[in-house]
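Here is what each chain is made of, one letter per residue.
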Amino acid sequence: MEYRHLGKAGIQVSELSFGSWVTFHTQADVKTAVELMSAAYDAGVNFFDNAESYAGGQSEAVMGAALKQLGWRRSSYLISTKFYWGIQKGVNEKNTLNRKRLIEGINGSLERLQLDYVDLIYCHRSDKSTPIEETVWAMHNIIEWGKAMYWGTSEWDAAEIITAIEIAERHHLHKPVTEQPVYNLFRRHRFSPEYSRVYKDYGYGATTWSPLASGLLSGKYSQGIPSGSRAALKGYDWLHDHVTDKEKLAKVQALESIAKGLDCTLSQLALAWCLKNPFVSTVITGASQVEQVHENMKASEVAPKLTPEILGRIDSIFQVKEEEED
Ligand SMILES: NC(=O)c1ccc[n+]([C@@H]2O[C@H](COP(=O)([O-])OP(=O)(O)OC[C@H]3O[C@@H](n4cnc5c(N)ncnc54)[C@H](OP(=O)(O)O)[C@@H]3O)[C@@H](O)[C@H]2O)c1
């Protein structure tokens, strides 16, 4: 496993990391979570991603119980959580980054995770109705109180990120250090030239999500929706159109000969492709089964095999128009 700096922050993250969205609580109980996290940690993963809204807080509770059982040295791993959607429906408690919510949010997360601090807190989305300055101050205070080490954004516009950095600089506050953007062969828009400036000029990190497009890039949906897969889960009907889209499936199929030539699986190829982007700090993987973790972690060995010629062949398969990339 290689480790990369989180942008220009001092902290280093494993280039492949592990997140709990969808899986923890819904597909994985504490026992399975222990197995999944162990497999990732043993492969060198040092960063585990979570959010208060995942499974209404239960994802954090499962991860907290798993960490307790695992008993790893606290300094040997990084944990993140995120705030925005909230877990209650009250007017000041959902879809917000107001100061009260963020401070109450971190306290709840720490309790569920059974930790004294998390390493990273993200603003899960931007909040158009709270001044960015209020959010920057709240994130700064949470860090000053020792409840988090760093903070970042997720799916923010480039202009909003720059505003947050500049407010923090103006007041000598802790600056956000990383974005958490979607990034996979189908969705590349968060690395458009507009964002390149954020990564290049401001040294912002990128902890990227859904590298397999919710499993589509593994090839598992080529014959329909297999039982036990994410798209077959209750409440995930919204994924059906995406994983059964004929054009997308044809692109996944076209990747097969490249994967075969590299002696790797489609999942490993798709993950390795993400790793080739020099602005990516870590690719956050997801898995519902231990075998998937073992398979995915080998993507690190595949990345060096992706020559410019192979990357060109991949690009020609994914000739997506700008508007399709979202
Ligand atoms: N910031 C945000 O807004 C945001 C949004 C989404 C995700 N995230 C983060 O990013 C992490 C990863 O996202 P993701 O779970 O969507 O990643 P993903 O890689 O796109 O999808 C992971 C899912 O694909 C399937 N899979 C994984 N490896 C496989 C393999 N080798 N063979 C076949 N199927 C495989 C599994 O689902 P099944 O086995 O159930 O089919 C697994 O749960 C999340 O856990 C979360 O931490 C952040």
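Residues numbered from 1 in each chain as written. Predicted model: local features only at pLDDT ≥ 70, side-chain atom pairs only at ≥ 80, totals over all residues. Heavy atoms only, no water.

Student: Requested: an account of empty space enclosed by the protein, with residues and values cited.
Tutor: According to the stated counting rule, one finds 1 cavity of 30 Å³ or more in the structure shown. By volume, the largest cavity is sized at about 30 Å³. Around the largest cavity, the lining residues are Leu-6, Ile-11, Val-13, Leu-78, Asp-119, Leu-120 and Tyr-150. Of the residues that constitute the lining of the largest cavity, the class distribution is 6 nonpolar, no polar and 1 charged. (1 Å grid on protein atoms, 1.4 Å probe; cavity = no way out; pocket = protein on both sides within 12 Å on 5 of 7 lines; lining within 4 Å. Points joined across faces, edges and corners; volume = space filled by probe spheres on them. Nonpolar A, V, L, I, M, F, W, Y, C, P; charged D, E, K, R; others polar.)

Student: Can you tell me about helix 3 (residues 99–113), naming the residues and giving the values?
Tutor: For helix 3, with 15 residues, the first-to-last C-alpha span of 21 Å sits near the 21 Å given by 1.5 Å per residue. Arg-101, Leu-102, Ile-103, Gly-105, Ile-106, Gly-108, Ser-109, Leu-110 and Leu-113 are the residues of helix 3 that are buried. Of the surrounding elements, those touching the buried residues of helix 3 are helix 2 (58–70), strand 5 (78–83), strand 6 (118–123) and helix 4 (132–144). Backbone nitrogen of Lys-100 and a side-chain oxygen of the N-cap are separated by 3.0 Å at the start of helix 3; the cap is Asn-98. Gln-114 lies just past helix 3 and shows a positive phi near 55 degrees. (Helix = DSSP H or I, 4+ residues; strand = E, 2+ residues; numbered from the N terminus. Expected span 1.5 Å × (residues − 1). Buried < 20%, exposed > 50% of the residue type's maximum accessible area, 1.4 Å probe, protein only. Contact = heavy atoms within 4.5 Å. Polar contact = N/O pair within 3.5 Å; in protein donor to acceptor, adjacent residues only side chain to side chain.)

Student: An account of the packing of aromatic side chains is requested, with residue identities and associated values reported.
Tutor: Under the definition given, this model contains 14 aromatic pairs. With 5.4 Å between their ring centres and 80 degrees between their planes, Tyr-84 and Trp-85 make a pair best called edge-to-face. Given the relative accessible area of 14%, Tyr-84 is considered buried. By relative accessible area, Trp-85 is classed as partly exposed at 33%. Connected via pairs of aromatic rings, a cluster forms that spans Phe-18, Phe-24, Tyr-41, Phe-48, Trp-72 and Tyr-77. Sitting over the ring of Phe-186, Lys-248 keeps its end group 5.8 Å from the ring centre. (Phe/Tyr/Trp six-rings, centres within 6.5 Å; stacked < 30°, edge-to-face > 60°. Lys NZ or Arg CZ within 6 Å of the ring centre and 35° of its normal.)

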